[in-house]
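An overview of the molecular structure
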Amino acid sequence: MLANPEKVIQSIRDAGLQPPEMLTLMITGRCNLRCRHCWLDCRPESAAAPVPVNVVCDIIDGFTRLGGTGLSLTGGEVLTHPDWFEILVFACEHTGLKEVCLQTNAMLVTPHMAAEVSALSSGRLSIQISMDGASAKSHDLVRGKGSFNRALRGLNCLLEAGVGPRIRVAFTEMAHNFDGIPRLMKKLETFGIRRMVSSTLVKDGRAGRTNRLALPTPDQYAEMVNFYRFDAAFRTLYDKMGSISAIEWYKGRSISATQVCSCIKTPFVTAEGRMYPCVMLSAEKYSVGGIHQRSMADVVLAALPLWAQLPVIERKRRRALRDCRGCPGEVHCQGGCMGRAYAVCGDLMSVEDRCALRRAVYQLG
Ligand SMILES: C[S@@+](CC[C@H](N)C(=O)[O-])C[C@H]1O[C@@H](n2cnc3c(N)ncnc32)[C@H](O)[C@@H]1O
């Protein structure tokens, strides 16, 4: 019997969880690249084939019935999906979603595709383009030779089609590319791009198996925050378009973290049809399969007893984390993200891997 979405929403709240708001949905595991940092191990010949368009639309529909309002379509590379545009039209024009984001490396964008995207009148659509460096050297180290120039060509098609204001750039922070962020931001501003979001490399999947890529160092994080503090031009640019973890931690350092894990506000669904309670929590133990065959409401209902443990574990974790006592960021950070802790050391109860980076920022005063 199909579960009633309203009853499921109530059951989510009764379990001490938050109903889903923003779904990250993989529509294919296949990618035109084999990025050195990919936590999902995506590659051209991935076994996770493009998900049929009717299945993708059913998932989106089931998600909106549970009250979801934001969707991020991802892969693999979304533009390798033969029906990517049909999926985008469905999400933008036939659902009540307030935000729809297409995550892409932009390399396959043609003038024709850009014109199609531009013709979509939806103000809810954003195109998120990954750029992992301000130069070909640092981007290509992660994504492969020639990928920077091809991404710029795709980006240019979108800009020429007038899509610029809907573009945001996503940057993965690593030791080799981190210092280039202000330069990249300046470049993006000249293109008319209004937003750049960055996040720290997660040493999971392929990233966990390479020595070529490392997290930025605590000194790099402290220097970036000091640059923000003391360089007025960068501060103005950053406040207009940026989001860098180090600077956001610094700005929020006196706010206490009262909220425990946001499960299942930002769930993640893989191209194989597994659903995870949070895009940051890759623990197999807390995932459920079968979303290509069952309604999202049914899957969520089946998973609730499992997911209800997560906020309980997180409260316990916060009480147990002795390493945090005396840290200048203790009140704000509280061990950081439990999903990251699991991704990197396989233990939900440990502090996250950016502990030293966070400390370096919090002690700037
Ligand atoms: C998996 S990709 C898929 C979408 C698309 N092919 C692209 O390149 O943007 C989605 C995003 O995840 C980021 N990503 C991949 N592996 C990561 C890792 N180990 N840590 C942090 N972000 C990562 C990528 O840089 C990209 O911005």
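Look up: the structure comes first, before these words.
Residues numbered from 1 in each chain as written. Predicted model: local features only at pLDDT ≥ 70, side-chain atom pairs only at ≥ 80, totals over all residues. Heavy atoms only, no water.

1. A word on unusual backbone geometry
Applied cut-off: Counting from the N terminus, the helices are DSSP H or I runs at least four residues long and the strands are E runs at least two residues long. Remark: exposure states derive from per-residue accessible area (1.4 Å probe, protein chains only) relative to the maximum for the residue type, with buried under 20%, exposed over 50%, and partly exposed in between.
The omega torsion across Gly 75 and Gly 76 is 25°, close enough to zero to call that bond cis. Following the sequence through the fold, Gly 76 ends up in the loop between β2 (70-74) and α3 (84-93). Positive phi is not limited to glycine here, since Ala 106 has a value of about 70°. Relative to the helices and strands, Ala 106 is located in the loop between β3 (99-104) and α4 (111-119). Looking at Ala 106, the relative accessible area reads 0%, which means it is buried. Residues other than glycine seldom take positive phi values, yet Gln 334 does so here, at roughly 50°. Tracing the backbone through its elements, the reader meets Gln 334 in the loop between α14 (330-333) and α15 (338-345).

2. Let's talk about the site of the ligand
Stated formally: Note on definitions. A residue lies near a molecule or strand when any single heavy atom of the residue is within 4 Å of it. For this analysis, a polar contact is any N or O atom pair within 3.5 Å, provided that within protein one partner can donate a hydrogen and the other can accept it, and provided that sequence-adjacent residues contribute only side-chain to side-chain pairs. Methods summary: accessible areas were calculated by the Shrake-Rupley approach with a probe of 1.4 Å, and residue burial reflects only the protein chains presented. When residues are grouped by polarity, Ala, Val, Leu, Ile, Met, Phe, Trp, Tyr, Cys and Pro land in nonpolar, Asp, Glu, Lys and Arg in charged, and all others, Gly among them, in polar.
Taken together, 18 residues surround the ligand, and among them His 37, Gly 76, Ser 130, Arg 143 and Val 202 come closest. Residue His 37 places a main-chain N or O atom 2.7 Å away from a nitrogen atom belonging to the ligand. Within the side chain of Arg 143, a nitrogen or oxygen atom sits 2.9 Å from an oxygen atom of the ligand. With the chains in place, 92% of the 550 Å² that the ligand exposes on its own is no longer accessible. Classifying every residue of the shell around the ligand gives six nonpolar, nine polar and three charged.

3. Focus on the sheet that holds strand β4 (residues 125-130)
By way of backbone hydrogen bonds, the strands of a sheet pair with one another, either parallel or antiparallel. Rule in force here: Any two strands with at least two DSSP bridges between them are considered paired.
Across the sheet, which stays open at both edges, the nine strands sit in the order β7-β6-β5-β4-β3-β2-β1-β8-β9 with mixed pairing between neighbours. Edge positions in the open sheet fall to β7 (242-243) and β9 (275-276), since each of these has one partner strand only. Pairing analysis gives two bridges linking strand β8 (residues 268-269) to β9, with the strands arranged antiparallel. Residue Phe 268 lies in a different strand from β9, and its bridge partner there is Tyr 276.

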